[in-house]
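Examination of the molecular architecture
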Amino acid sequence: MSTEANAAAAATFTPVLKLADLPANTKKAVQVGARCILVCNNNDKLFAISNVCSHNEKPLERGRMGNGWIACPVHGARFDLATGAALNLPAKLPVATYEVRVSGDDIEVLV
Ligand code: FES
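Model, not experiment: these values are computed from the prediction.

A few points about the environment of Arg 64
Here Arg 64 lies in the loop between strand S4 (45–50) and strand S5 (65–66). Since its relative accessible area comes to 59%, Arg 64 is described here as exposed. Residues Arg 64 and Pro 15, spaced 49 residues apart in sequence, show a C-alpha to C-alpha distance of 25 Å. Contacts of Arg 64, omitting those with residues within four sequence positions, involve Trp 69, Ile 70 and Ala 71.

Spelled out as structure tokens, the structure:
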């Protein structure tokens, strides 16, 4: 098995929040191991992205959410919540995204 396959096999869904604690159009930062992940409920769709802006490594958690995106509160770069792609300058690089699911009352993130 390749190293990449080993890493994929090691990834597991981790419960990070109760579904009731993340109403529509809110977001919360959670720590999973060394990763700080921002879990977003955007119009009742769940997303999980890195909480660290790719422009200057500032947290995204206080940023404004729009329809499918979040804006960095520092310089205004927006990121696509589904893909992590930078949608405008000054950010050029994407942020990491994570698979997210609901299991019972829990929101789980694949890390
Ligand atoms: S730190 Fe986020 S856009 Fe500059």
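From this point, the discussion proceeds with the structure in view.
Considerations on the pairing of strand S9 (residues 100–103)
In terms of strand pairing, S9 meets strand S10 (residues 106–110) through 4 bridges, oriented antiparallel. Across the sheet, Arg 101 pairs through a bridge with Glu 108, a residue of S10. Linking S9 back to S10 in an antiparallel pair, the connection comprises 2 residues, with Gly 104 at a positive phi of about 65°.

Re the sheet that holds S5
Sheet strands line up and pair through hydrogen bonds in the backbone, either parallel or antiparallel. Within the open sheet, the 3 strands sit side by side as S5-S6-S7. Their pairing is antiparallel. Edge positions in the sheet fall to S5 and strand S7 (78–80), since each of these pairs with one other strand and no more. Of the strand pairs in this sheet, S5 and strand S6 (residues 69–71) are connected by 2 bridges, and their pairing is antiparallel. Its bridge partner being in S6, Gly 66 is matched across the sheet by Trp 69.

With respect to the packing of aromatic side chains
Inspection of the entire model under this criterion finds 0 aromatic pairs. Of note, Arg 101 hangs over the ring of Phe 13, and the distance from its end group to the ring centre comes to 3.9 Å.

Section: the sheet that holds strand S2 (residues 26–32)
Spatially, 4 strands are ordered S2-S3-S4-S8 in an open sheet, and the strand pairing comes out antiparallel. For this open sheet the edge positions go to S2 and strand S8 (97–98), each flanked by a neighbour on one side alone. Here S4 pairs with S8 via 2 bridges, running antiparallel. Within S8, the residue paired with Ile 49 across the bridge is Thr 97.

The rules behind these values
- Residues numbered from 1 in each chain as written.
- Predicted model: local features only at pLDDT ≥ 70, side-chain atom pairs only at ≥ 80, totals over all residues.
- Heavy atoms only, no water.
- Helix = DSSP H or I, 4+ residues; strand = E, 2+ residues; numbered from the N terminus.
- Buried < 20%, exposed > 50% of the residue type's maximum accessible area, 1.4 Å probe, protein only.
- Contact = heavy atoms within 4.5 Å.
- Pairing = 2+ DSSP bridges.
- Phe/Tyr/Trp six-rings, centres within 6.5 Å; stacked < 30°, edge-to-face > 60°.
- Lys NZ or Arg CZ within 6 Å of the ring centre and 35° of its normal.

These results come straight from atomic positions and should not be treated as a statement about function.
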